[in-house]
Amino acid sequence: MSTALIIGGNGQIGVPAALALAADGWRVRVLHRGSRPLEPELAERGVHEIRGDRDDGTVLATAVGDGVDLLVDCVAFNAGHADQVLRHRADLGSAVVISSAAVYADSEGRYLGGPEFPHLDVGQGEDGPTAPPGPGGYAPGKVELEQAWLAADIPATVLRPGAIHGRFAQNPREWFALKRVLDGRTDVVLAHEGRSRFHPSATENVAELIRLAAARPGRRVLNAVDPQAPTTAEIVAAVYAARGRDVTLHPMPGEPEGNVGLSPWGVPVPFVLDMSRAAADLGYRPAIDYVASLGPYLDWIERAATERDWREAFGDFAAGGADLFDYAAEDAWLAARR
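Residues numbered from 1 in each chain as written. Predicted model: local features only at pLDDT ≥ 70, side-chain atom pairs only at ≥ 80, totals over all residues. Heavy atoms only, no water.

Q: Help me understand the overall build of the protein chain in this model?
A: For the protein chain, the helix and strand inventory stands at 13 helices and 11 strands. Compactness check: the protein chain gives a C-alpha radius of gyration of 20 Å against a globular reference of 20 Å for 338 residues, within 12% of the reference. If you line up the protein chain on its principal axes, its C-alpha atoms span 70 × 45 × 35 Å. Within the protein chain, buried positions represent 55% of all 338 residues. Across the protein chain, contacts joining residues at least 24 apart in sequence account for 78% of those joining residues at least 6 apart. In the form shown here, the protein chain has an accessible surface area of approximately 14,200 Å², with 47% of it arising from carbon and sulfur atoms. Here the protein chain contributes 32 positively and 46 negatively charged side chains, and the mean placements of these two sets differ by 2 Å. (Helix = DSSP H or I, 4+ residues; strand = E, 2+ residues; numbered from the N terminus. Rg over C-alpha atoms; globule rule 2.2 N^0.38 Å. Buried < 20%, exposed > 50% of the residue type's maximum accessible area, 1.4 Å probe, protein only. Contact = heavy atoms within 4.5 Å. Areas by Shrake-Rupley, 256 points an atom, 1.4 Å probe, with all protein chains shown as cover. Lys, Arg positive; Asp, Glu negative; His and termini not counted. Charge placed at Lys NZ, Arg CZ, Asp CG, Glu CD.)

So, in structure tokens, the structure goes:
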């Protein structure tokens, strides 16, 4: 039986990845910081838990042990994180590393997180230009990470997900719509006429790519997004429908007006990726589509927001810097147009 180590294995991508690998016959161990107990479903599958911080060399050495056939790194952000693991390269068979679609740049050098939003081709492939590597933010750090792994002397698959959705999220974008459902809101204003497309990535689909890459090691970069790239309007409508509620969508031309029209997917031009390389290289077929993924995910979001204040439960969402629930401003905008 082959052994897999997942760094960040009790998190949003780590849990479904561990379950997929265990179901495929791997002996799985997960390294995580212990901010919450190991998910019971992992324990039921015989997943071995190691608690500690990856930045602690002793902890990482213990996790690698006498060697692993597969290393999956779900929580690496820069070349330093790659170097931590590559010190143990002699004890690694192959690797799968989670990067991000944020690395893509357009012909003018614009990328996510930069001063201007990138204008990518619809159906962006893996060979497109990327942000410059360096310590200057999220995308440059991820480019550093990719380059370090692709230059290493072990087979490494780099995955580039988009807007990740699934249980255990710190940034559950669907909370934007679900909270409105729970608050009894029946009208939602969406900038860019609700036509924004920011490609989502179900954790189940990312886990399937990890499973396939584990069985067929290689040096490659693959997009990791859902089979569809729904518009913002379609996403909000799907969340309402999943909860059996009706919604009236109000398309706003152009950019948001203050907080009105803002959404987590509200981008000025499409950000849509192509998945043909994963199909050709790995025989990949999506495990799930966006709408089918919503039921259990929304249940988890609602439960998490009930157990504690949502700002604490969804730290990354709350830290976004904008008030996505400025209902007074939204109502005033709607009233002015009635």
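Q: Explanation requested: the packing of helix α1 (residues 14-23) against helix α7 (residues 203-215) in the structure shown.
A: Helices that pack against each other are described as a pair by the angle of their axes relative to one another and the distance between those axes. Between α1 and α7, whose axes approach to 8 Å, the crossing angle comes to 45°. On the basis of their axis angle, the class for α1 and α7 is oblique. Relative to α7, the crossing made by α1 is right-handed. Facing α1, whose interface residues are Pro16, Ala17, Ala20 and Leu21, α7 presents Thr203, Ala207, Ile210, Arg211 and Ala214. For the contact of α1 with α7, the class distribution of residues is seven nonpolar, one polar and one charged. (Axes fitted to C-alpha atoms, helices over the stretch in contact; angles between N-to-C directions. Parallel < 35°, antiparallel > 145°, perpendicular 65-115°, else oblique. Left-handed = near helix turned anticlockwise from the far one by under 90°. Nonpolar A, V, L, I, M, F, W, Y, C, P; charged D, E, K, R; others polar.)

Q: Please clarify how the packing of aromatic side chains should be interpreted in this entry.
A: A ring pair, where both rings are aromatic, is described by two values, the distance of the centres and the angle of the planes. One pass over the full model with this rule turns up 12 aromatic pairs. Consider the rings of Phe317 and Phe325, whose centres lie 6.1 Å apart with planes at 20°: the pair is stacked. As far as the burial class goes, Phe317 and Phe325 line up, both buried. Chaining the aromatic ring pairs together yields one cluster made of Phe168, Trp175, Trp300, Trp310, Phe314, Phe317, Phe325 and Tyr327. Note that Lys179 overlies the ring of Phe325, its terminal NZ or CZ placed 5.0 Å from the centroid. Its guanidinium or amino end placed over the ring of Tyr327, Arg185 lies 4.3 Å from that ring's centre, counting from NZ or CZ. (Phe/Tyr/Trp six-rings, centres within 6.5 Å; stacked < 30°, edge-to-face > 60°. Lys NZ or Arg CZ within 6 Å of the ring centre and 35° of its normal.)

Q: I'm lost on the side chain of Glu146 in this one. Help?
A: Examined against the element boundaries, Glu146 turns out to sit in helix α5 (residues 138-150). Only 2.7 Å separates the side chain of Glu146 from the side chain of Arg160, close enough to count as a polar contact. The residues contacting Glu146, other than those within four sequence positions of it, are Ser99, Ser100, Val103, Val158 and Arg160. (Polar contact = N/O pair within 3.5 Å; in protein donor to acceptor, adjacent residues only side chain to side chain.)

Q: Looking at this structure, how should I read the packing of helix α6 (residues 175-182) against helix α10 (residues 290-307)?
A: The interhelical angle for the contact between α6 and α10, taken along N-to-C directions, is 65°, at an axis separation of 11 Å. Here α6 is positioned roughly perpendicular relative to α10, judged by the angle of their axes. As for the relative orientation of α6 and α10, their crossing is right-handed in sense. Two secondary-structure elements touch here, α6 through Trp175, Leu178 and Leu182 and α10 through Leu298, Ile301, Glu302 and Ala305. Class assignment of the residues belonging to the contact of α6 with α10 gives a composition of six nonpolar, no polar and one charged.

Q: What should I look at first to understand α10 in this one?
A: Along an α-helix, a turn takes 3.6 residues, which lines up residues three or four apart on a common side. Across its 18 residues, α10 extends 26 Å between first and last C-alpha, which sits within 8% of the 26 Å expected from 1.5 Å per residue. At Pro296, α10 shows its largest kink, close to 35°. What α10 keeps buried is the set Tyr290, Ser293, Leu294, Tyr297, Leu298, Trp300, Ile301, Ala304 and Ala305. Against β7 (163-165), α6, β9 (200-202), α8 (232-242) and α11 (310-313) lie the buried residues of α10. One side-chain oxygen at the N-terminal end of α10 lies 3.4 Å from the backbone nitrogen of Val291; it belongs to Asp289. (Expected span 1.5 Å × (residues − 1). Bend = angle between axes of the 7 residues up to and from the residue.)

Q: Quick question: what am I supposed to make of the pairing of strand β2 (residues 27-32) here?
A: Counted residue by residue, β2 has five buried out of six residues, so it is predominantly covered. By the bridge criterion, five bridges tie strand β1 (residues 3-7) to β2 in an arrangement that is parallel. Directly across from Leu5, in β2, lies its bridge partner Arg29. Taken together, β1, α1 and β2 constitute a β-α-β crossover, and its handedness is right-handed. Direction of pairing for β2 relative to strand β3 (residues 48-51): parallel, over a ladder of four bridges. Each residue of the ladder has a partner; that of Arg29, found in β3, is His48. (Pairing = 2+ DSSP bridges. Right-handed = clockwise from strand over helix to strand, strands pointing away.)

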